[in-house]
Amino acid sequence: MKTHLFLLMLFLASCGSGTINSQKEEWVSLFNGKDLEGWDIKFKGFELNNNYRNTFRVENGNLVVSYDQWDKWNGEFGHIFHKTPYSRYKLRVEYRFVGEQVPGGPGWAFRNNGAMLHSQSAASMGLNQDFPVSIEAQLLGGDGVAERHTSNVCTPGTNIVIGDKLITQHCTESTSKTYHGDIWVTAEFIVLGDSIIHHVLEGDTVLTYSKPQVGGGTPEGFPLPDGTLLSEGYISFQAESHPTEFRKIEILDLTKGKR
């Protein structure tokens, strides 16, 4: 009897172990740590994949936004886009701001970057378009003194809903703490198609909104009318005049191959 009981317990334990393993999250890195393969680049005023002044590059295994080959910034906003569109996913990034802002950069762009979610493609942007139509999960660093939340949301050519209210203002702040200095910060964004998006920092949800949609001023000729819900799109990161480093960019696809 004891032998049968022992075998039953062993069987149940093995089943439990298999269940846990089958449910293990399978994160995939979007960045190979060696080069920019799999990414497109678009700078305002330049053709697709002109990596202006070698701004986006790989250094020490990190994806870097560098301004060491710039003398002055003159409004050349840049973005680097992963070539695969996604709909339902978790995005995890580890980032930090380093060094000095390039001369001429706008004050608001000090220690400023962003993960653009549900973005239009790089190829569809106009030659002189500043930002892709997207939902920007804003990344901000502190100045060493003042409070400055990160993981905010900004909405270039889009609107969102919080509660039952349509939010048309450009940026909405999160409840995060301020991160001063050149420290690494881990941010996670849970994107569930056109239903809901959560911003998570250090395990805490600092912002939630829903119904990402086109609106608030789109580029001339943009094919989708205001009010169109955004259920999928591309992921991109910015070059807005302050050096930034990313040592991790990884995704957990929640559609299980049904993008």
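Our structure is the block above this text.
Remember, it's a predicted structure, so these values are computed and weren't measured experimentally.

> I'm lost on the side chain of H149 in this one. Help?
Position of H149 relative to the elements: it lies in the loop between strand 8 (135–140) and strand 9 (152–154). Within the structure, H149 has its side chain in polar contact with the backbone oxygen of S174 (distance 3.0 Å). Setting aside its immediate chain neighbours within four residues, H149 contacts L140, E173, S174, S176, K177 and T178.

> Quick question: what am I supposed to make of the state of the cysteines here?
One covalent bond between the sulfur atoms of two cysteine residues makes up a disulfide. The full count for this structure, using the stated rule, is one disulfide. Paired by a disulfide, C154 and C171 hold their sulfur atoms 2.0 Å apart. Handedness of the C154-C171 disulfide follows from its S-S torsion of about 105°: it is right-handed. With C154 in strand 9 and C171 in strand 12 (residues 171–172), the pair connects residues that are 17 residues apart, well separated along the chain. With relative accessibility at 1%, the residue C154 sits in the buried group.

> Help me understand the packing of aromatic side chains, please; the structure alone is not making it clear to me.
The relative placement of two aromatic rings is captured by the distance of their centres and the angle of their planes. Overall, the coordinates contain 12 aromatic pairs when judged by the stated rule. Centre to centre, the rings of F77 and F131 are 4.6 Å apart; their planes meet at 50°, and the pair counts as tilted. A residue pair is termed long-range when its members are at least 10 positions apart, and F77 in the loop between strand 4 (62–65) and strand 5 (78–82) and F131 in the loop between strand 7 (112–119) and strand 8 qualify at 54 residues. We classify F77 as buried; its relative accessible area is 9%. What links up through ring pairs into an aromatic cluster is the set F43, F46, Y52, F56, Y67 and W70. Taking NZ or CZ as reference, R92 lies 3.8 Å from the ring centre of W27, over its face.

> Sorry, what's going on with the sheet that holds strand 8 here?
Two pairing modes exist for strands in a sheet, parallel and antiparallel, and in both the strands are linked by backbone hydrogen bonds. A sheet is described by the order of its strands in space; here seven strands give the open sequence 2-5-16-7-8-9-12, paired in antiparallel fashion. Every interior strand has two partners, whereas the edge strands, strand 2 (39–43) and strand 12, have only one. Two elements, strand 7 and strand 16 (residues 234–239), share three bridges in a ladder whose sense is antiparallel. Bridge assignment links M116 to a residue of strand 16, and that residue is S236.

> Looking at this structure, how should I read the pattern of salt bridges?
Summed over the entire model, instances satisfying the criterion amount to 11 salt bridges. Put simply, E25 and K90 hold a salt bridge, and the shortest N to O gap is 3.1 Å. Pair noted here: E25 is in the loop between helix 1 (2–22) and strand 1 (28–29) and K90 is in strand 6 (residues 88–97), with a separation of 65 residues, a long-range link. A salt bridge links E59 to R57, with the shortest nitrogen-to-oxygen separation between them at 3.0 Å. Note on R57: relative accessible area 10%, which makes it buried.

> Can you help me understand the environment of S151 in this one?
Looking at where S151 falls in the secondary structure, it is placed in the loop between strand 8 and strand 9. Looking at S151, the relative accessible area reads 0%, which means it is buried. C-alpha separation for the pair S151 and S176, spaced 25 residues apart in sequence, amounts to 7.1 Å.

> Help me understand the pairing of strand 8, please; the structure alone is not making it clear to me.
On a regular strand, each side chain points to the face opposite its neighbour's, so the side chains alternate between the two faces of the sheet. Across the six residues that make up strand 8, a large majority, six, are buried. Judged from the six bridges that link them, strand 7 and strand 8 form a sheet pairing that is antiparallel. Pairing of G114 across the sheet is with Q138, part of strand 8. The pairing of strand 8 with strand 9 spans three bridges and is classified as antiparallel. When the bridges of strand 9 are listed, A137 appears paired with V153.

> Sorry if this is basic, but what is going on with unusual backbone geometry here?
For residues other than glycine, phi is negative in most cases, and the peptide bonds are mostly trans. Even without being glycine, N54 reaches a positive phi, approximately 55°. Mapped onto the elements, N54 comes out in the loop between strand 2 and strand 3 (56–59). You will see that R111, though not glycine, has its phi angle at about 45°, which is positive. Residue placement: R111 occurs in the loop between strand 6 and strand 7. We classify R111 as buried; its relative accessible area is 9%.

Reading the values: the criteria
Residues numbered from 1 in each chain as written. Predicted model: local features only at pLDDT ≥ 70, side-chain atom pairs only at ≥ 80, totals over all residues. Heavy atoms only, no water. Helix = DSSP H or I, 4+ residues; strand = E, 2+ residues; numbered from the N terminus. Polar contact = N/O pair within 3.5 Å; in protein donor to acceptor, adjacent residues only side chain to side chain. Contact = heavy atoms within 4.5 Å. Disulfide = S-S within 2.5 Å. Buried < 20%, exposed > 50% of the residue type's maximum accessible area, 1.4 Å probe, protein only. Phe/Tyr/Trp six-rings, centres within 6.5 Å; stacked < 30°, edge-to-face > 60°. Lys NZ or Arg CZ within 6 Å of the ring centre and 35° of its normal. Pairing = 2+ DSSP bridges. Salt bridge = Lys/Arg side-chain N within 4 Å of Asp/Glu carboxyl O.

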